[in-house]
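Inside the fold
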Protein chains: 4
Amino acid sequence: MGNTPQARRGDTRQRIQDVALELFAEQGYEKTSLREIAERLEVTKAALYYHFKTKEDILISLFQDLARPLDELLAWGRQQPRTLETKQELMRRYSVALESALPLFRFMQQNQAAMSHLRPGETLKDRMIALSDLLRDPSAPLIDQVRSLSAIFVMHTSLFAMQHLDAGPEEKQKAALEVALDLLAQAHPQERPGTPDAA
Amino acid sequence: MGNTPQARRGDTRQRIQDVALELFAEQGYEKTSLREIAERLEVTKAALYYHFKTKEDILISLFQDLARPLDELLAWGRQQPRTLETKQELMRRYSVALESALPLFRFMQQNQAAMSHLRPGETLKDRMIALSDLLRDPSAPLIDQVRSLSAIFVMHTSLFAMQHLDAGPEEKQKAALEVALDLLAQAHPQERPGTPDAA
Amino acid sequence: MGNTPQARRGDTRQRIQDVALELFAEQGYEKTSLREIAERLEVTKAALYYHFKTKEDILISLFQDLARPLDELLAWGRQQPRTLETKQELMRRYSVALESALPLFRFMQQNQAAMSHLRPGETLKDRMIALSDLLRDPSAPLIDQVRSLSAIFVMHTSLFAMQHLDAGPEEKQKAALEVALDLLAQAHPQERPGTPDAA
Amino acid sequence: MGNTPQARRGDTRQRIQDVALELFAEQGYEKTSLREIAERLEVTKAALYYHFKTKEDILISLFQDLARPLDELLAWGRQQPRTLETKQELMRRYSVALESALPLFRFMQQNQAAMSHLRPGETLKDRMIALSDLLRDPSAPLIDQVRSLSAIFVMHTSLFAMQHLDAGPEEKQKAALEVALDLLAQAHPQERPGTPDAA
DNA sequence: TATGAATGAGCGTTCATTCAT
DNA sequence: GATGAATGAACGCTCATTCAT
């Protein structure tokens, strides 16, 4: 049940996005043809054009859907005080976001090139810069700024570079988060939480 | 001298690689056509086929050339004792390698997808795994393994994610290296160099 | 009142024809898509198919509407005696018809090719031949037949070839009519109106 | 002999132009597909792209070739004194040019729409205006300017509107030329050749 | 009276590749 | 060591048209 033409009516747009995400993530945007997408959906190429004006439109629509959790995280972060605790909470929330956004990130990583021609504000890079601006203090020593930046990418590491590590996904994710939080803390030497400044 | 046909004789193969590297790094492998490469070199497409059997052959040849410093670094690392000092020295050498391999890395990052179909041992990912295997201790706590892995990617961060940071390239590189060395050291708590085991 | 959906109810067929005439005249039949027509009317393409069976049907309906004044002129002409005076009156009436049929003629000129596949009697060319048959005398010297034919096209000249002339539209039209009447008169040397045959 | 692949080598570009002219004239530019052209030449569509950058490029190349005699006529005309004799000679030469340019004119008439998007100077209309500027005197009475303009179009009439006339092509052409010369003469009342100005 | 959703055919164009010269 | 000429396959896209609702 579910796969008959009747059952699918009305959700074609969504199904196009699903298949496109899958294929773009797998093979990249350029290598994925509309024929491929259409065939997998058992519709014609022309049907895709009923729902999206161009191939790039599919890409953009995917990006917008997938970037929303990130945008919400950024919006939240901008309204918080710029304390270590905020930054660490940002990181924790980022960790959760990543968890449910693995396809997104696979997709984005494969398609940086394709997306780099889009209007500013429509790339992942813009979000990364925005996030890093919330984490680092431009007046701090450079090394501490690097620590803050690195925290972000340590999180990504857990998704992609640790695939061959012999441990469960949650464990890896938790470990990555810990390292990231550590880096953030090291970037705030005078304000370590739970550490009395004192003698 | 210079740009005349005569002066170029004999180095066409090299010139193809140069232009291809440039374009692949800029636009990605799929989006770069042989016509484009040929036009920029002011030769015909057919000329490219005298020097390379296929388009993919150009990609592979580039990768092999560019991966050599990395392979040499790995070969060196495998012959060293697995001490913290070795790992940190690996990192320092890696830092130097990266410095002169910025186009390589741009290229690789843009073309992960294109390269992922190649035979094992012909991808950047393989090198990264090999490098990480030299840095981490499989019997160590997971968090320390993550620290080791992260060190590598912190180095990359300095090349790509820090472009909008307000500092000179060498400064950034140095800061990234420091953070990376720090992470490696933290992954070896019982053996901090210069730190007596004490008590 | 005016442009609201309610005010438009019932006249959609007419509005389709108006927009189609405009676009066919501007860009030609082949280059004008039903999507374009539908968009300009703010209805869907399918709506066009409620009012017309095919795209060509729109073309034919336009032609029939627009050719009616011409057909009436021809019907009138056929019932008159074949005198110079009749011919000149035909020309005068043709001049008036053209005046109010500028879009028609733009449209016809752009779409001769598209209309040439239609059934006989459905082309502008048929009307032109019919008109010329009323004007020329098959037994007259060839040059006089040419004069008669030319009279028709001189009228067209005033609409299209004289656009860059520095004069008002009515002036041009009047001048063209004069030249045309002149040509008709020259084609009837023995019967110049107002010229006594006499000794 | 003649039609084998070997015999055709080297003249493909020309053959494309020939077939394209034929088909564009017959069916119009928009309705003629590159597939059709390629099939008639027994080559692939891609071969067309070796010789022309776009479909429009074929159109332009045709126009340029075909417009050359006209451009030469205009160049000659611009160097002559602006007398009636010059104008009549222009007309005679135009008549000859038309004779050998029937395909051109069929083609142009079918493709006015397609050509009207081209750059100025690349349309037939531009040539017509240039020619009419050589024939008419902007300070003359409007009716005489119309006579001069009409002369041009009378010539065209002989090619297209007289197809159903019962006479040989040369006869028709000669008759049309006579009418045209007449019109030019009537536009110069004070300077009729062979007519003494005198008392 | 219309629309939403889709189709099948075809379009102009570009691609990597081949091969005789 | 390279070119000129071409191919076959595929691409993104648009078209006129259909039909259940």
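Residues numbered from 1 in each chain as written. Chains lettered and ligands numbered in written order. Predicted model: local features only at pLDDT ≥ 70, side-chain atom pairs only at ≥ 80, totals over all residues. Heavy atoms only, no water.

Per an unreviewed UniProt entry, chain A goes by the name TetR/AcrR family transcriptional regulator and belongs to Streptomyces milbemycinicus.

1. Overview of the packing of helix α2 (residues 12-27) of chain A against helix α3 (residues 34-41) of chain A
Residues and elements named next belong to chain A. As a reminder, the rule being used: For helices, the fitted axis covers only the stretch in contact; all axes are lines through C-alpha atoms, and the angles between them, taken along N-to-C directions, range from 0 to 180 degrees. Each helix is a run of H or I in the DSSP string that is no shorter than four residues. Each strand is a run of E no shorter than two, and both are numbered from the N terminus. If an angle is under 35 degrees, it is roughly parallel; if it is over 145, roughly antiparallel; if it lies from 65 to 115, roughly perpendicular; otherwise it is oblique. Crossing handedness is read from the near helix: turned anticlockwise from the far helix by less than a right angle, it gives a left-handed crossing, and turned clockwise, a right-handed one. Contact definition: two residues touch when any of their heavy atoms are within 4.5 Å. Here the term charged refers only to Asp, Glu, Lys and Arg, the term nonpolar to Ala, Val, Leu, Ile, Met, Phe, Trp, Tyr, Cys and Pro, and the term polar to all other amino acids, Gly among them.
It is at 10 Å that the axes of α2 and α3 come closest, and there the two elements cross at 130°. The angle between α2 and α3 places the two elements in the oblique class. The handedness of the crossing between α2 and α3 comes out as right-handed. Across the interface between the two elements, Arg15, Ile16, Val19, Ala20, Glu22, Leu23, Phe24 and Gln27 of α2 pack against Glu36, Ile37, Arg40 and Leu41 of α3. Class assignment of the residues belonging to the contact of α2 with α3 gives a composition of seven nonpolar, one polar and four charged.

2. Notes on the protein's contact with DNA strand F
Applicable threshold: We call a residue near a molecule or strand as soon as one heavy atom of that residue lies within 4 Å of the molecule or strand. Throughout this description, a polar contact denotes any pair of N or O atoms lying within 3.5 Å of each other; where both atoms belong to protein, one of them has to be capable of donating a hydrogen while the other can accept it, and for residues adjacent in sequence the pair is counted only when both atoms sit in side chains.
Around DNA strand F, the structure places 33 residues, and the nearest of them are A:Arg35, A:Tyr49, B:Thr44, D:Tyr50 and D:His51. Restricting attention to atoms of DNA strand F within 4 Å of the protein, one finds that 63% of them are sugar or phosphate atoms. Within the side chain of B:Thr12, an N or O atom sits 3.3 Å from a phosphate oxygen of DNA strand F. One of the side-chain N or O atoms of B:Thr44 is found 2.6 Å from a phosphate oxygen in DNA strand F. At the level of secondary structure, the elements contributing two or more residues to the surface near DNA strand F comprise α3 and α4 (45-51) of chain A, α4 (45-51) of chain B, α3 (34-41) and α4 (45-51) of chain C together with α4 (45-51) of chain D. In terms of residue count, the dominant contributor to the surface near DNA strand F is α4(B) (five residues).

3. Examining the relation of the copies chain C and chain D
Using the following cut-off: The fit set for superposing copies consists of C-alpha atoms from residues with pLDDT of at least 70 in both; the fit itself is least squares.
Overlaying chain C with chain D gives an RMSD of 0.1 Å, the required rotation being 180° about an axis along which the chain moves by 0.0 Å. Overall, the copies show the geometry of a two-fold rotation axis. Ranked by how close their C-alpha atoms come to the rotation axis, the residues of chain C are headed by C:Glu30, at 3.2 Å.

4. Description of the packing of helix α9 (residues 124-135) of chain B against helix α10 (residues 142-160) of chain B
All names here are of chain B. One can describe the packing of α9 onto α10 by two numbers: an axis separation of 8 Å at closest approach and a directional angle of 130°. Classified by the angle between their axes, α9 and α10 sit oblique to one another. Between α9 and α10 lies a crossing whose hand is right-handed. From α9, Met128, Leu131, Ser132 and Leu135 reach across to α10, where they touch Ser148, Leu149, Ile152 and His156.

5. Some points on the packing of aromatic side chains
Aromatic ring pairs are defined here through the distance separating the ring centres and the angle between the ring planes. The cut-off we apply is this: Ring pairs shown here join Phe, Tyr and Trp side chains whose ring centres sit within 6.5 Å, with only the six-membered ring taken for Trp; geometry is labelled stacked below 30 degrees between planes, edge-to-face above 60, and tilted in between. Burial classification: accessible surface area is computed with a 1.4 Å probe over protein chains only, and a residue below 20% of its type maximum counts as buried, one above 50% as exposed, and the rest as partly exposed. Cation placement over rings: the criterion is NZ of Lys or CZ of Arg within 6 Å of the ring centroid and within 35° of the ring normal.
Under the criterion given, the structure shown has eight aromatic pairs over all chains. Relative to A:Phe107, the ring of A:Phe24 has its centre 6.3 Å away and its plane inclined at 20°; by these criteria the two rings are stacked. Here A:Phe24, found in helix α2, pairs with A:Phe107, found in helix α7 (residues 102-110); they are 83 residues apart in sequence, far enough to count as distant. Overall, the relative accessible area of 0% leaves A:Phe107 in the buried class. Members of the aromatic cluster, connected to one another through ring pairs, are A:Phe24, A:Tyr29 and A:Phe107. Above the ring of B:Trp76, the side-chain terminus of B:Arg93 is found at 3.9 Å from the ring centroid.

6. Quick word on the relation of the copies chain B and chain A
With an RMSD of 0.1 Å, the operation that places chain B on chain A is a rotation of 180° combined with a shift of 0.0 Å along the axis. Here 100% of the interface residues in chain B have copies in chain A that are interface residues too; the copies meet face to matching face.

7. Considering the interface of chain B and chain A
Definition in use: Buried area is calculated as the accessible area (1.4 Å probe) missing from two parts once they are joined, with the contributions of both summed. For salt bridges, the criterion is a side-chain nitrogen of Lys or Arg within 4 Å of an Asp or Glu carboxyl oxygen.
Every contact between the two is made by 37 residues of chain B and, on the other side, 38 residues of chain A. Summing both sides of the interface, chain B and chain A together bury roughly 3,100 Å²; the carbon and sulfur share of this comes to 68%. Sorting the residues of chain B by area buried against chain A places B:Leu142, B:His164 and B:Leu165 first, and these three jointly supply 16% of that buried surface. The tally of links from chain B across to chain A stands at two salt bridges. A salt bridge links B:Asp182 to A:Arg147, with the shortest nitrogen-to-oxygen separation between them at 3.0 Å. Put simply, chain B and chain A have four residue pairs in polar contact (both at pLDDT 80 or more) between them. If you list the elements that add at least two residues to the side of chain B that touches chain A, you get α7 (102-110), α8 (112-115), α9, α10 and α11 (169-186) of chain B. The greatest single-element share of the side of chain B that touches chain A, amounting to 10 residues, is contributed by α10(B).

8. Regarding the protein's contact with DNA strand E
DNA strand E sits among 34 residues. The nearest are A:Tyr50, A:His51, C:Thr44, D:Arg35 and D:Tyr49. Among the atoms of DNA strand E lying within 4 Å of the protein, the sugar-phosphate backbone contributes 62%. One nitrogen or oxygen atom from the side chain of A:Thr44 is found 2.8 Å from a phosphate oxygen belonging to DNA strand E. At a separation of 3.3 Å, a base oxygen of DNA strand E approaches a polar side-chain atom of D:Lys45. Of all the elements in the fold, those that place two or more residues in the surface near DNA strand E are α4 of chain A, α3 (34-41) and α4 of chain B, α4 of chain C together with α3 (34-41) and α4 of chain D. When its residues are assigned to classes, the surface near DNA strand E shows 14 nonpolar, 12 polar and eight charged.

9. Side note on the UniProt feature "DNA-binding region" (unreviewed entry) in chain A
Here is the rule we go by: UniProt positions are given in the numbering used here, feature names are shortened, and annotations may be inferred rather than shown by experiment.
When the UniProt feature table is mapped to this numbering, "DNA-binding region" (unreviewed entry) covers residues 33-52 of chain A. Helix makes up 75% of residues 33-52 of chain A and strand 0%. Its end C-alpha atoms lie 14 Å apart.

10. What to know about α10(B)
Just so we agree on the cut-off: In this scheme, a helix's expected span is set at 1.5 Å multiplied by one less than its residue total. Given a residue, its bend is the angle between the two axes fitted to the seven residues that end at it and to the seven that start from it.
Taking 1.5 Å as the rise per residue, α10(B) with 19 residues should run 27 Å; its terminal C-alpha atoms sit 27 Å apart, in good agreement. If you look at α10(B), its biggest bend is around 25°, right at B:Ala151.

11. Let's talk about the UniProt feature "domain: HTH tetR-type" (unreviewed entry) in chain A
Sites flagged by UniProt as "domain: HTH tetR-type" (unreviewed entry) map to residues 10-70 of chain A. Along residues 10-70 of chain A, the helical share is 77% and the strand share 0%, with 28 Å between the first and last C-alpha atoms.

12. Some details on unusual backbone geometry
Residue and element names in this part refer to chain A. In the Ramachandran plot, Glu42 falls in the positive-phi region, its phi being about 55° despite a non-glycine side chain. Here Glu42 shows up in the loop between α3 and α4. What makes Glu42 exposed here is its relative accessible area of 64%.

13. Observations regarding the environment of C:Glu26
Residues and elements named next belong to chain C. Within the secondary structure, Glu26 sits in helix α2 (residues 12-27). What makes Glu26 partly exposed here is its relative accessible area of 47%. Residues Glu26 and Gln110, spaced 84 residues apart in sequence, show a C-alpha to C-alpha distance of 7.8 Å.

14. Describing helix α11 (residues 169-186) of chain D
The end-to-end C-alpha distance of α11(D), which contains 18 residues, comes to 26 Å, matching closely the 26 Å that a straight helix rising 1.5 Å per residue would cover. Residues of α11(D) that are buried include every one of D:Lys172, D:Gln173, D:Ala175, D:Ala176, D:Leu177, D:Val179, D:Ala180, D:Leu181, D:Leu183, D:Leu184, D:Ala185 and D:Gln186, and no others. In the core, the buried residues of α11(D) are packed alongside α10 (142-160) and α11 (169-186) of chain C together with α6 (84-99), α9 (124-135) and α10 (142-160) of chain D.

15. Brief notes about the side chain of A:Gln145
Within the fold, A:Gln145 resides in helix α10 (residues 142-160). Of the residues examined, A:Gln145 reaches a relative accessible area of 7% and is grouped as buried. Side-chain polar atoms of A:Gln145 contact the backbone oxygen of A:Pro138, separated by 3.2 Å. Beyond its immediate sequence surroundings of up to four residues, A:Gln145 is in contact with A:Arg136, A:Asp137, A:Pro138, A:Ser139, A:Ala140 and B:Leu165.

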